[in-house]
Amino acid sequence: MVAGDPVYLDYNATAPVRPAALRAVTGALAVTGNPSSVHGFGRGARRLVEDARERIAAWAGAASAAVVFTSGGTEANALALRGWGRRRIVASAVEHPSVLAAGVDAMIPVDDRGIIDLAALDRLLTEDSEPAVVAVMLANNETGVIQPVAEAARVAKARGAVVHCDAVQAAGRLPLSMAALGVHSLAVSGHKLGGPQGTGALLLADAEAEVKPLLAGGGQEKRRRAGTENVPGIAGFAAAVAELEDPDGERIRLAGLRDRLEAAARDLLPTVVIFGRDAPRLSNTTCLAVPGVAAQTMVMALDLAGVAVSAGSACSSGKVAPSHVLSAMGQGALAGSAIRVSLGWASSERDVDRFIEAFGSLMRRSAIREGAASAA
Ligand code: PLP
C-alpha cells in the first residue's frame, strides 16, 4: 500500500520540470514567430532563443556563439563525435550508449571504482597515430562517478586529439567550466536539471570551430544544426539553468540526503554493495546492490510502495540489459542486482525516509532476506 504521495527518486533518468521552466515554456509557446523570420514576430522569437543562448553560455563559461542547441544530450554527443570529422573514436568504457553507438575504435578501461586509466589513454593514442576524438564523460549516469576530465584532456591534447565531454549528468550538479575542463566540446541536456525533455546543447570551446552538421537544410545554429529552433524548449532549458543559484549549497544538501540513505541501507543489510563509493561521486546518486536479489524485483516492490527508482541503467525500451558500466568496473556479477537512486532539486528528507521505510520492509520479507543471505 502506498502511504502518501509517490516519491520520485529517479532524477538521473529525468528531473521534474522546475516551475520557472514550466512558466518559460508556456510563455514561449504563446509567442508567434519563427526565429529565422525578419519581421517583428520573428525577431521576438529570436530574442527568446538568443537570451537563452547567452544564459547557457555564461553558465558554462562559453561564448554565446559557441552554443549549438540540439534535441538533447544524445544528439549533442552524436554531433560532436561525427561532427569533429575524426575517423578514430577513443572513449571510456563507461560512456553513455549515445557515445558508444557512434562506433568506438578503442576503449579506455576503468578501475574498480569506475575511474579511467590515464596511462591507458596515452597508450591508445600513441599506438595508433590516426587523429582521434576522445570522449570522456564528466559524471556517470549509473554510479555518479566523476572522471578526471581535465587530466584526460591534457593527455589527449598532447597527442593531437580532439576532446569531447558528455556532461549531461554533471551539468547542474557540479560547477561547469569549459576552460577548467580544457575540452573542445561539451554535451548538456535540459531535462536532467529541471528543464523540458527534448532540449540540450553542444558547447564548443572555439566559437568558430567547424562542426559538420548531422541535420542539413536551413542555416540555423551557424550551419551546425538545421531545423527551426525548439523555441519553447530552449526558453525552458535556460529558465532551469537560471534556477541553479547555489550549486554548492545544493550539492551539500543532496550529499546529506544521499549519505543518510546509504547508511540506512547498510544498517538494514550490511551486505549491501555501494558502487563507486571510494571515488569522487555526484552527491545526488547512489548505485547499490543487494546480492542475490534481482534489481527488477526491488524496483517493482519499491514502486508498489510508492517509491520510484531505476534498475541500474534505465534503458528506453523498459528492458534492463546487463550494465556495461558495472561490468567495466569488474562488478558484472552484481550488475543484475543493482538499483540506482538519484535525488534532485525537489528531493526532501521525507523522500529519503520513505525510501528507507520501503527498502526496510522489502528486506524484511522472508523470500528476499533468504535470497540475500544465501548469496552473501
Ligand atoms: N549522456 C548521459 C550521461 C546520460 O545520462 C543521458 C541520458 O540519460 C544522455 C547522455 C542522453 O541525454 P538525452 O536524454 O537528453 O538525449
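Relevant structure appears above.
Residues numbered from 1 in each chain as written. Predicted model: local features only at pLDDT ≥ 70, side-chain atom pairs only at ≥ 80, totals over all residues. Heavy atoms only, no water.

1. Some words on the sheet that holds strand β2 (residues 67–70)
Taken together, seven strands build an open sheet; the order of strands is β2-β8-β7-β6-β5-β3-β4 and the sheet is mixed. Lying at the two open borders of the sheet, with one neighbouring strand each, are β2 and β4 (106–108). Each adjacent strand pair in this sheet contributes to an overall mean axis angle of 20 degrees, direction not counted. Where strand β6 (residues 162–166) meets strand β7 (residues 185–189), three bridges bridge the pair, whose relative direction is parallel. Note that in β7 the partner of His-164 across the bridge is Ser-185. Seen against the sheet, helix α2 (residues 40–60) touches β2, β7 and β8 (200–204) and runs at an angle of roughly 115 degrees to β2. Lying over the sheet, helix α5 (residues 118–127) contacts β3 (88–92), β4 and β5 (132–135), oriented at roughly 170 degrees with respect to β3. (Pairing = 2+ DSSP bridges. Helix = DSSP H or I, 4+ residues; strand = E, 2+ residues; numbered from the N terminus. Axes fitted to C-alpha atoms, helices over the stretch in contact; angles between N-to-C directions. Contact = heavy atoms within 4.5 Å.)

2. Digging into the environment of Ala-106
Tracing the backbone shows Ala-106 in strand β4. In the structure, Ala-106 is positioned 18 residues away from Arg-88 in sequence and 8.3 Å away in space, judged by C-alpha atoms. Each residue touching Ala-106, except ones within four places of it in the same chain, is listed here: Arg-88, Ile-89, Val-90, Ala-91 and Leu-124.

From the geometry alone we can't say anything about function, so treat these as descriptive.
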